[in-house]
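So the chains spell out like this:
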Amino acid sequence: MSRSAHPAGPRHADVLTEGHYSAPAADLNALDEKVWSRTVTRDADGALTVGGIAVARLAEEFGTPAYFLDESDFRARCRAWADAFGPDADVFYAGKAFLSRAVVRWLKEEGLNLDVCSGGELATALDAGMPAERIAFHGNNKTVAEIERAVEAGVGRIVLDSFQEIVRVAHVARRHGVRQRVQIRVTVGVEAHTHEFIATAHEDQKFGIALADGQAAEAVRRALALDGLDLIGVHSHIGSQIFDMAGFEVSARRVVQLLAEIRDEHGVELPEIDLGGGLGIAYTSEDDPREPHEIAKALSDIVTRECEAAKLRTPRISVEPGRAIVGPTAFTLYEVGTIKPLEGLRTYVSVDGGMSDNIRTALYDAEYSVALVSRTSDAEPMLVRVVGKHCESGDIVVKDAFLPADLAPGDLIAVPATGAYCRSMASNYNHALRPPVVAVRDGEARVIVRRETEEDLLRLDVG
Ligand code: LLP
C-alpha cells in the first residue's frame, strides 16, 4: 500500500520478531507535516490542536472515536488542484473517498466538480445543491433506476463501463428525449504499482472496456451510432494510492492514441479525456506524494505532446482525485484503553474504535502513523500495535509504530491521514456505532456527520 520502508530486519534492539516498521522518529512528539493536516500543531502544553482547538476539548465535546476534518485544509487542497489544472481542465472530486452535504457545499464553493458512483452519492450531491451538470456518474453496474435518476437530473456525464450499459443509457436517454453526454471508460492495460484490490487498469478485472483487442474501438462505434448518446470523450482510471507517474503517462498516451484512431475512422475529434484519480498521499513519513502542480504539468505535457504528434486538437483534460484531496485533511482521535505488553514481542494498545472505523489496515495491509496527542512525553519509544475493540485478531489500526513507553489508559492518540476511505468504508461490525465527522475551522468545530446511536441501529432492525 503505502511505500513506507520494509527494513530487512528489526531496528529496535528489544524486538525480535519480524515487523514492517521503521526506526522510531528521533522525537516522538514531533508532528510530521507530511501526514498531518495543515492547521495541526501542538500548543504550549504539548496537546495537539487543529484549527486552533485542543484535542482534549474536542474529545470532551464530541467523544471518541471521532474523525476531525480540517476544513481550511480541504478547501486549500481543492483550490490547489483547480489552480494546478487551470481553466482548460476540470477537477472532479471522487465522492467515494468521503462525501457529505457539507463536503458538497465546499466543493461547489471552491469550483470543483463531483464524481459519484451510486444512487446514494448522487442523492447526497443533488440534495446539497451541486448543479447536475457538474456531476459525473460512474460505476461498473449502474442499475437502470440509477441511470434514470442521473439522466433525469441532467448529470454532466455518465461514464459508460460496458457494452450493455451503452445500450441501457441510450435507451433511457431516448425515453427522456435527451442526448446524454457520456464518456467510455477504457482499460488501458497498465499494471499500477499498488495493492491488487485497488489497481484497475490491468485487463483481468471488472472495470471498463479493454483497449487491447479492439473492444474500446467497437464501444466507440456503437456509442456514436446511438442517437440518445453524445460521446464527449474517453476515460481511464488506473488505480489508487499510486506514486509513480509512469502509469498515468502510459495511460494518457494510449487514450490519445485511441482519440487519433477515432478521428481516422469516424472523422470526429472527441473533445475530452478523463485520466481518473489515484494519486497517492503520505500515510507515513516515508511516503513522498507529488504536488498537484507537478501532476498537472506531467499530464498536460504528455497529452499535448502526444496530440501534436498525432495532429489532434488537444482535448480538455479532467481528473478525479479523491484521496489526494480529503485523505490528508482528517485524523481519527481515539482514547487508549487496555495496554498489553507482550514480553519480547510488542505492546498491544487497544483503542475505542478499530476496523469498523478504519478497515484499510485489515483489507489492504495499509500503513498508518500514530501519535500521542493529549500530551507530550519524553519516555523511551516502545514498539506498539494499535488495535481495535472488535472480535478479530485482524482488527488492527496501526500495525507497527512507536509510542512513548509511559502511554496510559485515558491518553488520547490520533491516527493521521484518515480522511479518505475510512468513514466512507466504516461498518457497524459488532454493532459498533459509526463515529462522527467533525469539521474544524478557525477555532470552531461542528459536526457534519453525527455519531450513530443505538437508536439508529435499532431503527433498521424491524423484525
Ligand atoms: N475515479 C474513479 C473512476 C475511481 O474508481 C476512483 C477510486 C477515483 C476516481 C478516486 O481515486 P483516488 O484519487 O481516491 O485514489 N478503498 C480503497 C480505494 C478504492 C478506490 C476506488 N476508486 C482504499 O481505501 O485505498
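All values derive from a computational prediction rather than experimental measurement.

The rules we used
- Residues numbered from 1 in each chain as written.
- Predicted model: local features only at pLDDT ≥ 70, side-chain atom pairs only at ≥ 80, totals over all residues.
- Heavy atoms only, no water.
- Salt bridge = Lys/Arg side-chain N within 4 Å of Asp/Glu carboxyl O.
- Helix = DSSP H or I, 4+ residues; strand = E, 2+ residues; numbered from the N terminus.
- Buried < 20%, exposed > 50% of the residue type's maximum accessible area, 1.4 Å probe, protein only.
- Phe/Tyr/Trp six-rings, centres within 6.5 Å; stacked < 30°, edge-to-face > 60°.

Structural notes on the pattern of salt bridges
Part 1 of the reasoning: Taken as a whole, this structure holds 33 salt bridges when the rule is applied.
Part 2 of the reasoning: Glu110 is the salt-bridge partner of Arg75, the closest N and O atoms lying 2.9 Å from each other. Placement of Arg75 in helix 2 (residues 71-85) and of Glu110 in helix 3 (residues 101-110) is noted, with a sequence separation of 35 residues between them. The two residues Arg75 and Glu110 agree in class, both being buried.
Part 3 of the reasoning: With a shortest N-O distance of 2.7 Å, Glu452 and Arg434 are connected by a salt bridge. On the criterion of sequence distance, the pair formed by Glu452 in the loop between strand 21 (444-449) and helix 12 (454-460) and Arg434 in the loop between strand 19 (412-416) and strand 20 (437-441) is long-range, its members being 18 residues apart.

Focus: the packing of aromatic side chains
Part 1 of the reasoning: Going through the model one piece at a time under the given rule, you end up with seven aromatic pairs.
Part 2 of the reasoning: With centroids separated by 5.7 Å and ring planes inclined at 70°, the aromatic side chains of Phe74 and Tyr93 adopt a geometry described as edge-to-face. A residue pair is termed long-range when its members are at least 10 positions apart, and Phe74 in helix 2 and Tyr93 in strand 5 (residues 89-94) qualify at 19 residues.
Part 3 of the reasoning: Residue classification places Phe74 among the buried positions, given a relative accessible area of 0%.
Part 4 of the reasoning: A residue is classified by how much of its surface remains accessible, and Tyr93, at 0% relative accessible area, is buried.

Here's the deal with unusual backbone geometry
Part 1 of the reasoning: Residue Pro65 is reached from Thr64 by a cis peptide bond, and omega for that bond is -10°.
Part 2 of the reasoning: Mapped onto the elements, Pro65 comes out in the loop between helix 1 (55-62) and strand 4 (66-70).
Part 3 of the reasoning: We note that Gln241 has phi near 55°; this positive angle belongs to a residue other than glycine.
Part 4 of the reasoning: Relative to the assigned elements, Gln241 resides in the loop between strand 11 (229-235) and helix 8 (246-266).

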